[in-house]
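Residue-level structural notes
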Amino acid sequence: MPIPDDVTGHEIDQDVRQELLSLPKTLAEDVARNLVMVARLIDEDPEQAYAYARIALRLASRVAAVREAAGFAAYATQKYAEALAEFRAARRMTGSVELWPVMADCERGLGRPEKAMAMAGEPEVQKLDKAGQVEMRLVAAGARRDMGQLDAAIVTLQSPELASNAVHPWTPRLRYAYADALLEAGREDEAREWFGKALEADKDGATDASDRLAELDGVEFVDALDDDEAEPVAAEADRDDADEDGESPA
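Here goes a summary of the coordinates provided. (Residues numbered from 1 in each chain as written. Predicted model: local features only at pLDDT ≥ 70, side-chain atom pairs only at ≥ 80, totals over all residues. Heavy atoms only, no water.)

**Things to note about helix 9 (residues 150-157)**
Given 3.6 residues per turn, any residue in an α-helix points the same way as the ones three and four places further on. Which entries qualify depends on this criterion: Each residue is assigned to one of three classes by its accessible area relative to the maximum for its type, calculated with a 1.4 Å probe on protein chains only: buried under 20%, partly exposed between the two thresholds, exposed over 50%. Each helix corresponds to a stretch of at least 4 residues labelled H or I by DSSP, and each strand to a stretch of at least 2 residues labelled E; elements are numbered beginning at the N terminus. To be clear, the arc concerns the directions from the helix axis to the C-beta atoms. Contact criterion: two residues are considered in contact whenever any of their non-hydrogen atoms come within 4.5 Å of each other.
Every buried residue of helix 9 is listed here: Leu 150, Ala 153, Ile 154, Thr 156 and Leu 157. Here the buried residues of helix 9 occupy an arc of 160° about the axis, which is enough to place them on one side. Across helix 9 from its buried face, at more than 90 degrees, point the exposed residues Asp 151 and Val 155. Its buried side turned inward, helix 9 meets helix 8 (130-146), helix 10 (160-163) and helix 11 (171-184).

**Digging into the pattern of salt bridges**
What counts here: When a carboxyl oxygen of Asp or Glu is within 4 Å of a side-chain nitrogen of Lys or Arg, the pair counts as a salt bridge.
A full pass over the atoms with the stated rule returns 21 salt bridges. Residue Asp 6 pairs with Arg 40 through a salt bridge whose shortest N-O separation is 4.0 Å. Note that Asp 6 is positioned in the segment before helix 1 (14-20) and Arg 40 in helix 2 (residues 25-41), a separation of 34 residues in sequence. When the shortest N-O distance is used, the salt bridge between Glu 188 and Arg 192 registers 3.7 Å. Residue Glu 188 and its partner Arg 192 are both found in helix 12 (residues 188-201); the two are separated by four residues, about one turn of the helix.

Written out as structure tokens, the structure is:
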């Protein structure tokens, strides 16, 4: 697959570049450039990111960072069995527990919430950093909801991290998940309060808390012009362009 000329491979994290030093120089550069494309596309075009990840995997399957990238690309395209296999491989190579929450979420994606819940109780969770533990809590609450245990999901999310006024990168998602669970339980006033708190912490637009609040308040968003109104505007624009060119529109 083509890679833009401006992608050099030097854009990847230093830790990943260090891992790639085990490869011949030209091969390492090819792998690095494909990994850059994965990172660049995974949010906006996950299928394309997945294609680049498969190329990197074919070139360097024994590099943990490549297995991890392939896992996230598969996860982004809902290929949960494949993602889980790649995450397990990366974990075997590194011994790190960092991927434990996303591995548990893959179990949810495969329709095995009970397995995800079991993973939430494993010793690995205690080895996670604070962000990882919050992520595991989110996955566990999601698994509870998958199993129809809504009240248990709400209790799972009630934690010191949720009660804290401090804002961390995971704060908006934690508050949002709590609000969403409250709403499903019919606790609309509390849900509105927590969607508001999620929005307050969400400076990067990681959630759609503002839209959820608007829905609760009965606000509907409509396009300024409907299709019938938009067409004459487009036709008029074509006529203007034609007048300038001295030609009739096709």
